[in-house]
Amino acid sequence: MIKSNKKLKQAKSLGIHSLLIVGAFMMAFPFLWMMLTSFKSSQEVINVDQWFPKEKIYWQDTKKGNEDFQVEIIEDYGEAAKIKFFIRRDPIIVDKSQLTKKTWLFSNFAKAWNKVQPSFGRYFVNTIVIAVVVTAGQVMTSILAAYAFVFFQFPFKNYIFTLFLATMMVPQQVLLIPNYLILSGLGWIDTYMALIIPWLAGVFGIFLLRQFFVQIPMELFEAAIIDGCSKWGFLFRILIPLSKPPIITISIFTFLGSWNSLLWPLVVTNSQEMRTIQVGLSYFSQAEGTEWELLMAASAFCIIPLIVMYIVAQKHFVQGEAGAGLKG
Amino acid sequence: MQVLKVNYKKILSVLFIVALVFSLGCSKKNEDVYTEQGKLKIKFWHAMGGILGKVLDDLIAEYNQSQDKYEVHTEFMGRYDILEQKIIASVMAENTPDIAQMYEGVTMFLTRDKGEESLIDLKPYVDKWDGYKDIFEVFQRNSTYDEGKIYSLPFNKSFPAMMYNKDILKLLNIASPPKTWAELRTIGTRVHKEVVVDKETSLPRLRREKEDPDVVPMMGYGFVVDPWTLEIMLLQNGGEMTNKDESQVKFDSDVSIDAMKFLVDAVREGWAYRTQGYNHQNDFSAQKVAFIITSSVSRKYMERKLVFPFSVAPIPMGKKKDVSIVSGTNISVFSSSTKKRQDGAWDFVKWFNSPEITARWAMSTFYVPTRKSSLELPMMKKWLKETEGGDAAMLQLPIGELEPRSSAWYRCRIVLRASMEKILSIVEKASFKGDSREIISQNLKADTAKMNKELKKYIN
Amino acid sequence: MYKKNDYSAYAYVLPAASVLLIFHIFPVIYSFMLSVHQGTLKHPMKTYIGVGNYAAILEDVNFWKSMLNTVWFALSSVPMGIIIALAIAMLLNQKIKGLAIYRTVYYLPVVTSIAAVALVWKWLFDVKFGLFNQVIQWAGLKPMGWLQDSTGVFEFMASIVGLGIPETYLMFEPGFMREMVYGLMHGPSIALCSITIMSIWKGLGYNVVIFLAGLQNIPTGLYEAAEIDGANAWQKFKNVTWPLLAPTTFFVFIMSTISSFQVFVQIFMMTPFGGPERSTSVAVFYLYEKAFKTFEFGYASALAYVVFFVIFIMTLVQRKLGDGQTHQGV
């Protein structure tokens, strides 16, 4: 009886695991395929029967631009070989020492990295600077505002809060035209200002923190004030240390939001020096529309930092999400 | 517990300063910027990506080296529609580049309807330039707007071209590519009937006596829906796109319905098929179709991958007259630049339209040159001799016509394209049994009304 | 101490308020002003035209088509997303080993940038060389057009079982009725469904984590009690899990609906021109086109207001319906 029960349990657990593994595979697959593609040659990308990069022969044309060509040996003469190209070019005979063999093309990453002007490096710097400043700013303004909304009484409080909340429902696209006009009036188009300052405050952060703060007993605040603690002091010495989880949540969300935003930086920047990685990627995809191995390499280095960050700080991500969900 | 005293005045004053920074946008618009060598910087926005971008950048580097007054600095803006968005947004913000490439609709938009003269009239410069007479007539018309103002010079102009697989023609013993649509139909039908894609080699071969029943027949003509083709067929058969003052389109005319019917019949007869995106080009590269019509520039992108003998011919001609329509953008100079930068911009535009440069641009991109004399240059002659079908676009220069240039035209094109797609998607279905002419005429009539509504909005 | 006005509060609110006011609230008013005007580039508010733009929107077949596309997108992505997420969350909630690993993997798409993964999916969907068509062809089926196929999904499914959709096309004059009847009969295009699949994949992890948290909040005692009563798995789900999870489900439902009505980036990246026959042109995409392709700022602003209004009404209705649900559950 007990034994069969155990067996049943094992079977059940096996079933659950197999379902979950299939699901997990499907979730991760696009990333795996992205990585596989990014290591292939342009020939392999369009070879529909081939899933993994294979060993390929390359020949470098040292006379013309040092371009690397994937080739095929059609006749072997020992020291030399006759090679065939996969593009429109007549076969030639070359010394075998000029031929190299490659399987995983790490060079695709370097190619994609440098294929944009100035380079994806610059885009990364921009993206990181913007995301860090926006995150820090938004966390600060949110804490201050939420603090006031929960612990202070002041005229029009509810109106102001409702007004803030209402902005959450407005599609971002509505804001684009007027904001563009405002920013250009300020002369901020194509500067970091345009990318940072409008995002220094966010209703989501204020809302989330308010939801957290209201759970803190008002008595705690009143007692602290009676004890002679200033309001400022209460905020920094008591409230913020207590509110680490929602603050981390907001930081993560703001950071991700800033890192991943596309439309805004696309509209308010013009010069290549000001582009973020998302914008860079969208221009890149337009310029190199069919070179999938390079596009996937570029996508990979846009995605990988996020995945690494996520795996390192996983606990906070998931807790934050769940917390955000339940309190919403 | 140590009490932290807070000075609210301090906080408020800090906030006040923040607010002040907000409102003080130190704008440095419109200032001339010089490089370290003392060259005036000229900003040029373009949408030439990939290989074309490389060619353009090399040419501009050459321009920058060739003189010591100006330094043209390019910004790649992605697709045309995004470039357009950027240009118009920059005009709104009075934060424009000095030069940009743009379609005629945008030029009109920026000078007539809404932009309130955001581009400069190049006439005064052109009057002092002896090269203008040498610009092809079609481009002169293309650049000249109301009251003889010249708001642009040609930049990257192209014509449609027909790419064809020479191996397939050889199999059928056909010496030259079709010159008319009727010939395309004849040859296309033969291709579809007599040639198949070999299962083993994926290469074209003649159909055998005893053939595998599910062998893939070779397709005669593959196309993507493009108003460009329809417009050209319409003109070739003696029709008109619009009335005289371009206030109404005429895509509901019988000639227009006939033109559309050609495509519909081609699909229904089986020798032609419609596809999407760049699939006609991919199919051509994979030797699954004998003829495709694309912009002459597409060859630049495809060439390397075409491992079989191919060539390029002008677009087929119609019943009444030999006409083709030019496409591509022009360059214009913005009026919000300083006079100095406008001079620099003109210097560059002029340089780009010099016989040698335009010839080199054409040779390395398959756009057409803008100067008549560039066709006489020895290097061009040599190139034409070496490049089979290199003249496919240039041959159409004398018969080039223009599309309407109003900025509402862009919207009309969207409607027309959707209309064509709709018609084809209905008649393509195997289950379709109705009268295809009826469907065509009904849709074109409805959509012509829609286009006229758009035009009316624009005129008011 | 109680409820005395403290004006220093304004100083705390000011930094957030000034940013929100200038860049989030004022633009809303500004774009409303734009929506009732017609003008030029440099003077967008030249002439007052009242509700002219709004009236034009109601007559605009393309607008209705884009609304229909949006509704199709929401109808296909929201329930599917919820059902799949709930199923996964329930599997994960079985006190299994390796929960953390599974959760990590399921959550991965959420943290990655939508622009980049949209490109990856565009590659998967590629008609010629994409993986999906390879697999399909392996299985001996006909390759699909994915993002390039405007065939309605109802029509597609009917054709699989050998049926056809009644041809309504010639029954109506071209215009609103024709497009709506055609759209309703044929269903969302395969192109739109392809984007739906990608969107479900992208958002799934978020819902899974929220559901999982909700499930973990259900006291295990309730299940034990149900087991003692002899309830089977389905009864436990119906009588314990579902009602107790109602607030969570409701939250997920509202959030998914709102975001499905605002879907944009994946459409923009995967079908930059609105897809075949404009079948992936959803409301926000249409708005973007009107604003930045044809530069009808007044019209686009009016469109933005219409979309905003629709979302707002929908949220209200959902709240109303949801209130009953939530109270009953908790």
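What you are looking at is a predicted structure, and each value in this text was computed from that prediction instead of being measured. (Residues numbered from 1 in each chain as written. Chains lettered and ligands numbered in written order. Predicted model: local features only at pLDDT ≥ 70, side-chain atom pairs only at ≥ 80, totals over all residues. Heavy atoms only, no water.)

Attention now moves to the sheet that holds strand 6 (residues 195-197) of chain B. Residues and elements named next belong to chain B. Taken together, the three strands give an open sheet; going across it, the order is 7-6-8, and neighbouring strands pair in antiparallel fashion. What marks the edges here is a single partner per strand, and that holds for strand 7 (204-206) and strand 8 (216-217). The pairing of strand 6 with strand 7 spans three bridges and is antiparallel. For Val196, the partnering residue across the bridge sits in strand 7 and is Arg205. Each of strand 6, strand 7 and strand 8 is contacted by helix 8 (residues 181-194), which is oriented at about 55° to strand 6, the strand it contacts most. (Pairing = 2+ DSSP bridges. Helix = DSSP H or I, 4+ residues; strand = E, 2+ residues; numbered from the N terminus. Contact = heavy atoms within 4.5 Å. Axes fitted to C-alpha atoms, helices over the stretch in contact; angles between N-to-C directions.)

Looking now at the domain arrangement of chain A. The domain architecture assigned to chain A consists of domain 1 (2-44), domain 2 (55-102) and domain 3 (117-287). Inter-centroid distance (C-alpha atoms) of domain 2 of chain A to domain 3 of chain A is 55 Å. (Domains from an automatic or database assignment.)

Residue and element names in this part refer to chain B. The tally for this structure, following the rule as stated, stands at 49 salt bridges over all chains. The salt bridge involving Glu137 is made with Arg141; its shortest N-O contact spans 3.0 Å. Pair noted here: Glu137 and Arg141 are both in helix 6 (residues 137-143), with a separation of four residues, about one helical turn. On the basis of relative accessible area, Arg141 is assigned to the partly exposed category, the value being 31%. Asp198 serves as the salt-bridge partner of Arg208, at 3.8 Å between the closest nitrogen and oxygen. Of the two residues, Arg208 is situated in the loop between strand 7 and strand 8 and Asp198 in the loop between strand 6 and strand 7; the sequence distance between them amounts to ten residues. For Arg208, a relative accessible area of 48% puts it in the partly exposed group. Ionic contacts of the salt-bridge type, sharing partners, join the residues Asp198, Arg205, Arg208 and Glu211 into one network. (Salt bridge = Lys/Arg side-chain N within 4 Å of Asp/Glu carboxyl O. Buried < 20%, exposed > 50% of the residue type's maximum accessible area, 1.4 Å probe, protein only.)

Looking at chain A as a whole, the pLDDT averages 86, with 95% of positions reaching at least 70. Averaged pLDDT values over the elements of chain A bottom out at 59 in helix 15 (residues 314-327) of chain A and peak at 94 in helix 4 (residues 120-151) of chain A. (pLDDT = per-residue confidence, 0-100.)

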